[in-house]
Amino acid sequence: MSLSRWVAVLTLGEGWHNLHHAIAHSSRHGITLRNGTVAYLPDPTFLFIQMLERISWASRLQLPTEASLLARANDLSQAEQDISIKLEPPKPQLSATR
């Protein structure tokens, strides 16, 4: 079990909080990608929010579609590639001296 999973269990789901930064409107944070497909993780916080919805203490819960999750992951992957290219040191220029 990964460290994030232990943190999620001990904090009732807050270990998955990083998804909130990628998709802020999602009421569910226990989502990841495995081999290019969306996988749902145990998310006690989401279960609690669903319970609040059932007793009318929460409403209009929003969940991202799998297509939007995959598109966002692709956007983030491209941004990471762009950053890594910018961080590479410039290649030395060969001067033509005689």
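Overview of the pairing of strand 1 (residues 31-34)
Taken residue by residue, a regular strand's side chains alternate between the two faces of the sheet.
Part 1: The pairing of strand 1 with strand 2 (residues 37-40) spans four bridges and is classified as antiparallel. If you follow threonine 32 over to strand 2, its bridge partner there is alanine 39.
Part 2: Counted between consecutive antiparallel strands, the loop separating strand 1 from strand 2 contains two residues, among which asparagine 35 sits at a positive phi close to 50 degrees.

Focus: the confidence of the model for the protein chain
Part 1: Overall, the prediction assigns the protein chain a mean pLDDT of 76, with 61% of residues at 70 or greater.
Part 2: Between the elements of the protein chain, mean pLDDT differs from a low of 66, seen in helix 1 (residues 3-10), to a high of 90, seen in helix 3 (residues 44-54).

Examining the side chain of serine 27
Part 1: Secondary-structure assignment places serine 27 in the loop between helix 2 (18-22) and strand 1.
Part 2: For serine 27, a relative accessible area of 11% corresponds to the buried category.
Part 3: In this structure, serine 27 is in contact with Phe46, Ile49, Leu61, Gln62 and Leu63, ignoring residues within four places of it in sequence.

How each quantity is defined
Residues numbered from 1 in each chain as written. Predicted model: local features only at pLDDT ≥ 70, side-chain atom pairs only at ≥ 80, totals over all residues. Heavy atoms only, no water. Pairing = 2+ DSSP bridges. Helix = DSSP H or I, 4+ residues; strand = E, 2+ residues; numbered from the N terminus. pLDDT = per-residue confidence, 0-100. Buried < 20%, exposed > 50% of the residue type's maximum accessible area, 1.4 Å probe, protein only. Contact = heavy atoms within 4.5 Å.

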